[in-house]
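So the chains spell out like this:
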Amino acid sequence: MATPLTLKELSKKEILLTSGHRMCSGCGAPIIVKMVLLASDYPIVAANATGCLEVSTCISDYTAWKIPWIHNAFENAAATLSGVETMYRSLKKQGKIDKDIKFIAFGGDGGTYDIGLQSLSGAMERGHDMLYVCYDNGAYMNTGIQRSSATPYGADTTTCPAGSVIQGKPQPRKNLTKIMAAHDIPYTAQASPSHWMDLVKKVKKALEIKGPKFMNILSPCNRGWRSKTDDAIQLSKLAVETCYWPLYEIENGVSKVTFKPKEKKPLVDFLKPQGRFKHLFAPENENMLKNFQEMVDKEWGSLLKASGTE
Amino acid sequence: MTAKVVAATGNEAVANALRQVNPDVSAAYPITPATDIMQRFTSFVSDGKVKTEMILVESEHSAMSGCIGASAAGGRVMTATSSQGLALMWEELFIASGTRLPIVMALVNRALSAPLNIHGDHSDGMGARDCGWIQLWSENAQEAYDNTIQAFRIAEHMDIRLPVMVCLDGFIISHSIERIEYIDDDAVSKLVGEYKQLNPLLDLEHPVSYGPLILPDYYMEYRKAHAEVMSKVPGIVLDVAKDFEKISGRKYGLFEEYRLDDAEIGLVILNSAAGTSKDVIDSFREKGIKAGLLKPRLFRPFPYDEIGNALKHLKAICVLDRADAFGGSYGPLFIDIAASLYPHKNGPALINKIYGLGGRDYMPSHAELVLNELVEIAKTGKVKMIKEYIAVRE
Amino acid sequence: MKLKGWKNVNPGAVVTEAGSALEFKTGSWRAYRPKWIEENCIQCLFCWAYCPDMAVNVNDGKMTGFNYDYCKGCGICALECPGKKGNKAIVMEEEGK
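Residues numbered from 1 in each chain as written. Chains lettered and ligands numbered in written order. Predicted model: local features only at pLDDT ≥ 70, side-chain atom pairs only at ≥ 80, totals over all residues.

As for the overall build of chain C
Argument step 1. Each helix and strand in chain C was counted, giving two helices and four strands.
Argument step 2. The C-alpha atoms of chain C give a radius of gyration of 17 Å, which is well past the 13 Å a tight globule of 97 residues would have.
Argument step 3. For chain C, the C-alpha atoms occupy an extent of roughly 60 × 30 × 15 Å along the three principal directions.
Argument step 4. Relative to its 97 residues, chain C shows a buried fraction of 45%.
Argument step 5. Counting only contacts in chain C whose residues sit at least 6 apart along the sequence, the fraction spanning at least 24 positions is 63%. (Helix = DSSP H or I, 4+ residues; strand = E, 2+ residues; numbered from the N terminus. Rg over C-alpha atoms; globule rule 2.2 N^0.38 Å. Buried ≥ 20, exposed ≤ 12 C-beta atoms within 10 Å, placed from the backbone. Contact = placed C-beta atoms within 7 Å.)

And the structure:
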């Protein structure tokens, strides 16, 4: 299917996530899901961990999904999808199904980095033919913005609030993308909805590969990030341009940066519009900003080195 | 009707039953004493004797999650576990039954930690008795084999569509060799039949969404619907038993009544200890004492009416529990038996003995002790102590 | 939607009507609504790509307006709109004015 990759061509496809879902106004997650589903030329069956996306897209008799979809519990989107994918293989072997179906699991950073890490690791290790998409908004947003291991250093959340003794999250973010790459799966990538073509290309590539794939996609949350309702794309763009959220892929162990910002912006450009980092701009927290910038620089540096694009 | 008579352990028999049923997918994680079932089964898989695709998951929670995904996808699914494994998949048990997925699980009964104990008692099955699964309890390897086969028919019945767990005593039955009659492969295949799909995820023409959020305006209706389906289970269990009798020659009901018709005193007891007790019942009968025994088979849903009617004429009953309800209450089986006798105002005196926890042996002498106490109670009408632990050192 | 009784709910709460969320009109959530200024539109389709609610109507590769039944008024479309020569093709106006 050699249709040119343009928004115009993509717009002619049916979007398999409908309007009428109850995600917050301006939420990044449905933008991501829309793009992921549009990227696929194959029929998809999806699993979803408990979280904002799941709870807001399927309530009572209302479902925004036009593809087969299963929600089981919080920590087991990967294990559940493993079951679906295995039944598919079993029935295909028995000649009861002949269609080519692709399997995608959606989980927030909560259901992926933390409680869901075991089942994700297990599924990736067993080699199921599935793609796991993590929409990373940096906290347990659905239950009211509690800290997860994906929460950035210094961020204010409701369980690690910026107070007089502790100034937000003391630990740096866990680098789940690297952890997934260390599973030696055929494809791991980071993407952002602001760079839609990069995202769509990565999903397309992933779906052509047989085996376990993982994609980590930054999902701005204006509620949890205390940013403006219309900021989702701007913020994810800044995240990429400040190299807080580098866009790269690791295919069969080979790293490649897929987008190098023309001019690497200072991290504060990404932090300033977000209320969750407001306290970092107080004079007594100057060293935290410095630490944070150093963390980002170090990670970006090692990524460039690994990609051979210094 | 060709039966093959073998000497096999409970686990071996269950694994063979699963081989004959030949499910589409299984997701399982090892745990003593259930491990052997899956070890034997996976050797069938490796030798191409079954079409089952195995998912060797990384925990029991993922085992049930994988089973749920596979069952929702649209095919026949089974697994096996015990004790801590069952405890780890606790939330998934409710999800499986609430989603109405006909998964079958062999539960090799083992004590729950802490303290850690790998031996047989009923605390795991009893702990999960309210999770919405159908529970069949098995006295010996033959019953475990027979129940496993019937479980699929019960679970997959279009009026039911609920998961079923088949319980058998850990080590006592799972690892002991007994004489078993296997039914031939074809007969089992025919009895179980083709799997009928309901809202399969893999049906792309009719995309469905599993697992919605349900708010207070609907949750209760779903639970009522589930309760209603549960009420149909006993009838279907009996129907399947009738069909099973045709291929096996063995009769099954909701429970077994042993010399109960004219009994004055009786034991109510589950699983292997019932076998031990029946011999003691016989010896008491030889002495002229009218003793009997009731062994529940379908424990969930509990057939309150039928069991109440079967026991109401006795003068004194001891309910023996191989699990204590650790909240300091009566044993779980006792509570259900008491409830079944509640409508019968002039019913028997009831006492509760806790026995055999953590694999502690249940000996004929224990049954004798209990029956002698019942003789006294039947004579005097006086109960010294309702609940007591037996065979425990002071 | 009239509430169903227990006899009529789907077994296992499985939702069998795909895309039934369309019956839930989220347009009532808006405080601001996007206004399309057609003469400034270069048909880049960024608004369609970035709308979280699939509320930008597109026909044969061209943006034709907004679906106010669902638009939550987040304003992403207006912010991302490149417009023509510095004039936006989408502006946010207060709802109900």
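Once the structure has been displayed, the description carries forward.
Here we look at the overall build of chain A
Argument step 1. Along its length, chain A carries 11 helices and 10 strands.
Argument step 2. Relative to the compact-globule value of 19 Å for 310 residues, chain A shows a C-alpha radius of gyration of 19 Å, a close match.
Argument step 3. With the C-alpha coordinates of chain A rotated into their principal frame, the extents come out at 65 × 50 × 40 Å.
Argument step 4. Taken across its 310 residues, chain A has 59% of its residues classed as buried.

Things to note about helix α5 (residues 90–98) of chain B
Residues and elements named next belong to chain B.
Argument step 1. All of the buried residues along α5 are Glu92, Leu93, Ile95, Ala96 and Ser97.
Argument step 2. For α5, the elements touching its buried residues are α3 (60–73).
Argument step 3. At the C-terminal side of α5, Arg100 shows a positive phi close to 60°.

Things to note about the interface of chain C and chain B
Argument step 1. Of the residues lining the interface, 12 residues belong to chain C; the matching set on chain B comes to 17 residues.
Argument step 2. Taken together, the residues of the side of chain C that touches chain B break down into eight nonpolar, three polar and one charged. (Nonpolar A, V, L, I, M, F, W, Y, C, P; charged D, E, K, R; others polar.)

Description of the sheet that holds strand β12 (residues 291–296) of chain B
Residue and element names in this part refer to chain B.
Argument step 1. Reading across the sheet, the six strands line up as β10-β12-β11-β14-β15-β16 and stay open at both edges, with mixed pairing between neighbours. Whereas interior strands pair on both sides, the edge strands pair on one side only; in this sheet they are β10 (255–258) and β16 (387–389). Each neighbouring strand pair of the sheet contributes to a mean axis angle of 20°, computed without reference to strand direction.
Argument step 2. Direction of pairing for strand β11 (residues 265–268) relative to β12: parallel, over a ladder of four bridges. When the sheet's bridge partners are listed, Ile265 is paired in β12 with Ala291.
Argument step 3. Contacts from helix α12 (residues 332–341) reach β11, β14 (316–321) and β15 (349–354), with the element oriented near 145° to β14. (Pairing = 2+ DSSP bridges. Axes fitted to C-alpha atoms, helices over the stretch in contact; angles between N-to-C directions.)

Focus on the packing of helix α4 (residues 77–93) of chain A against helix α6 (residues 117–126) of chain A
All names here are of chain A.
Argument step 1. Their axes nearest at 7 Å, the elements α4 and α6 cross at an angle of 35°. Note on element contacts: α6 touches α4 through Ser119, Leu120, Gly122, Ala123 and Arg126, opposite Ala78, Ala79, Leu81 and Ser82.
Argument step 2. Classifying every residue of the contact of α4 with α6 by side-chain character gives five nonpolar, three polar and one charged.

Side note on the interface of chain B and chain A
Argument step 1. Residue-level contacts link 38 residues of chain B with 38 residues of chain A.
Argument step 2. Elements that contribute at least two residues to the side of chain B that touches chain A include exactly β2 (25–28), β3 (53–56), α3, α5 and β9 (209–210) of chain B.
Argument step 3. A per-element tally of the side of chain B that touches chain A places α3(B) first, with 10 residues.
Argument step 4. Looking at the side of chain B that touches chain A residue by residue, the classes come out as 22 nonpolar, 10 polar and six charged.
Argument step 5. Both strand β4 (residues 69–71) of chain A and β9(B) contribute to a ladder of two bridges, which runs parallel. Following the sheet pairing, Ile70(A) is matched in β9(B) by Tyr210(B).

Regarding the pairing of β15(B)
Residue and element names in this part refer to chain B.
Argument step 1. With five of six residues buried, β15 lies mostly within the body of the structure.
Argument step 2. Taken together, the six bridges between β14 and β15 define a ladder with parallel strand orientation. Bridged to Cys318 within β15 is Ile351.
Argument step 3. With α12 bridging β14 and the parallel β15, this β-α-β connection has right-handed handedness.
Argument step 4. One ladder, built from three bridges, connects β15 with β16; its direction is parallel. From the neighbouring strand, Asn352 faces β16, where its bridge partner is Lys387. (Right-handed = clockwise from strand over helix to strand, strands pointing away.)

So, the sheet that holds strand β10 (residues 254–259) of chain A
Argument step 1. Taken in spatial order, the nine strands make up an open sheet running β10(A)-β9(A)-β7(A)-β8(A)-β6(A)-β5(A)-β1(A)-β4(A)-β9(B), and their pairing is mixed. Because the sheet does not close on itself, it has two edges, and the strands there are β10 of chain A together with β9 of chain B.
Argument step 2. Inspection of the sheet shows strand β5 (residues 102–108) of chain A paired to strand β6 (residues 131–136) of chain A by five bridges, in the parallel sense. What sits directly across from Ile104(A), in β6(A), is Leu131(A).
Argument step 3. Across the sheet, helix α2 (residues 28–39) of chain A touches β1 (44–48), β5, β6 and β8 (213–218) of chain A, and the angle it forms with β6(A) is around 155°.

Regarding the pairing of strand β4 (residues 77–81) of chain B
Residue and element names in this part refer to chain B.
Argument step 1. Counting buried residues in β4 gives five out of five residues, a clear majority hidden from the surface.
Argument step 2. Relative to strand β5 (residues 104–109), β4 runs parallel, the two being bridged by four bridges. Across the sheet, residue Thr81 finds its bridge partner in β5, namely Leu107.

With respect to unusual backbone geometry
Residue and element names in this part refer to chain B.
Argument step 1. Geometrically, the link from Thr32 to Pro33 is a cis peptide bond, its omega value of -5° lying close to zero.
Argument step 2. Position of Pro33 relative to the elements: it lies in the loop between β2 and α2 (35–46).
Argument step 3. Located in the positive-phi region is Arg100, a residue other than glycine, with phi close to 60°.
Argument step 4. Here Arg100 is to be found in the loop between α5 and β5.
Argument step 5. Unusually for a residue other than glycine, Asn199 sits at a positive phi of about 50°.
Argument step 6. Tracing the chain through its elements places Asn199 in the loop between α8 (185–192) and β9.

Describing the packing of α4(A) against α3(B)
Argument step 1. Orientation of α4(A) relative to α3(B), taken along the N-to-C sense of each, is 45°, at an axis distance of 6 Å. Here α4(A) lies oblique to α3(B), going by the angle between them. With respect to the hand of their crossing, α4(A) and α3(B) are arranged in right-handed fashion. Contacts between α4(A) and α3(B) involve Ala79(A), Thr80(A), Leu81(A), Ser82(A), Gly83(A), Val84(A), Thr86(A), Met87(A) and Tyr88(A) from the former and Ser62(B), Ser65(B), Gly66(B), Cys67(B), Ile68(B), Gly69(B), Ala70(B), Ala72(B) and Ala73(B) from the latter.
Argument step 2. Tallied by class, residues from the contact of α4(A) with α3(B) come to 10 nonpolar, eight polar and no charged. (Parallel < 35°, antiparallel > 145°, perpendicular 65-115°, else oblique. Left-handed = near helix turned anticlockwise from the far one by under 90°.)

Comments concerning the confidence of the model for chain C
Argument step 1. Here chain C averages 95 in pLDDT, while 99% of its residues score no lower than 70.
Argument step 2. Model confidence for the complex is summarised by a pTM of 0.96, with the ipTM given as 0.96. (pLDDT = per-residue confidence, 0-100.)

Overview of the environment of Gly235(B)
Argument step 1. Note on placement: Gly235(B) falls in helix α9 (residues 219–248).
Argument step 2. When the C-alpha positions of Gly235(B) and Leu254(B) are compared, they lie 9.2 Å apart, and in sequence the two are 19 residues distant.

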